[in-house]
Amino acid sequence: MSERYSAFDLLEGDHSGTGLHTLQDLLLNMKSTIRTAMDAGLSSEDFSLAQKSLLAVETAEEIIPTLHEKMLG
């Protein structure tokens, strides 16, 4: 069974940074999974989708620390 996380729930009131680190770890795992699939070989359509997914995860990695700061402030 896959456990679901809400970024809002993880970051709200997260003064210790535990939720931030959990979210960052999840994003790192997502990025690794996508890259592994890309390296294994995909159809051109799936590769295009994987590239878009990778970009979304990388964007989230950049945004999450700022969101965390704003939610604490």
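Scroll up to find the structure this text is about.
Criteria and thresholds
Residues numbered from 1 in each chain as written. Predicted model: local features only at pLDDT ≥ 70, side-chain atom pairs only at ≥ 80, totals over all residues. Heavy atoms only, no water. Helix = DSSP H or I, 4+ residues; strand = E, 2+ residues; numbered from the N terminus. Expected span 1.5 Å × (residues − 1). Salt bridge = Lys/Arg side-chain N within 4 Å of Asp/Glu carboxyl O. Core = buried A, V, L, I, M, F, W, Y, C linked by side-chain atoms within 4.5 Å. Buried < 20%, exposed > 50% of the residue type's maximum accessible area, 1.4 Å probe, protein only. Contact = heavy atoms within 4.5 Å. Bend = angle between axes of the 7 residues up to and from the residue.

Student: Please set out helix H2 (residues 18-40) residue by residue, giving values where relevant.
Tutor: Here H2 contains 23 residues, and its C-alpha end-to-end distance of 33 Å stays within 8% of the 33 Å for a straight helix at 1.5 Å per residue. Residue Gly 41 follows H2 closely and has a positive phi angle near 105 degrees.

Student: Give me the lowdown on the pattern of salt bridges, citing residues and values where you can.
Tutor: Counted under the stated rule, the structure contains 2 salt bridges. A salt bridge links Glu 61 to Lys 31; its shortest N-O distance comes to 3.0 Å. Here the residue Glu 61 occupies a position in helix H3 (residues 44-72), and Lys 31 occupies one in helix H2, the gap between them amounting to 30 residues.

Student: Quick rundown of the nonpolar core? Include the residues and the values.
Tutor: Ranked by size, the top nonpolar core spans 11 residues in total: Leu 10, Leu 11, Leu 20, Leu 23, Leu 27, Ile 34, Met 38, Ala 50, Leu 54, Val 57 and Ile 64. For this core, the secondary-structure elements that each account for two or more residues are helix H1 (7-11), H2 and H3. Ignoring any residue separated from it by four or fewer positions in sequence, one finds Leu 54 in contact with Lys 31, Ile 34, Arg 35 and Met 38.

Student: Outline H3, supporting the account with residue identities and numerical values.
Tutor: The end-to-end C-alpha separation of H3 is 42 Å, in line with the 42 Å expected for 29 residues at 1.5 Å each. Where H3 bends most, the angle comes to about 35 degrees, and this point is Ile 63, followed within four residues by the proline Pro 65. Taken as a whole, H3 has its buried residues at Ala 50, Leu 54, Val 57, Ile 64 and His 68. Where H3 is buried, its residues touch H1 and H2.

Nothing here speaks to function; it is geometry throughout.
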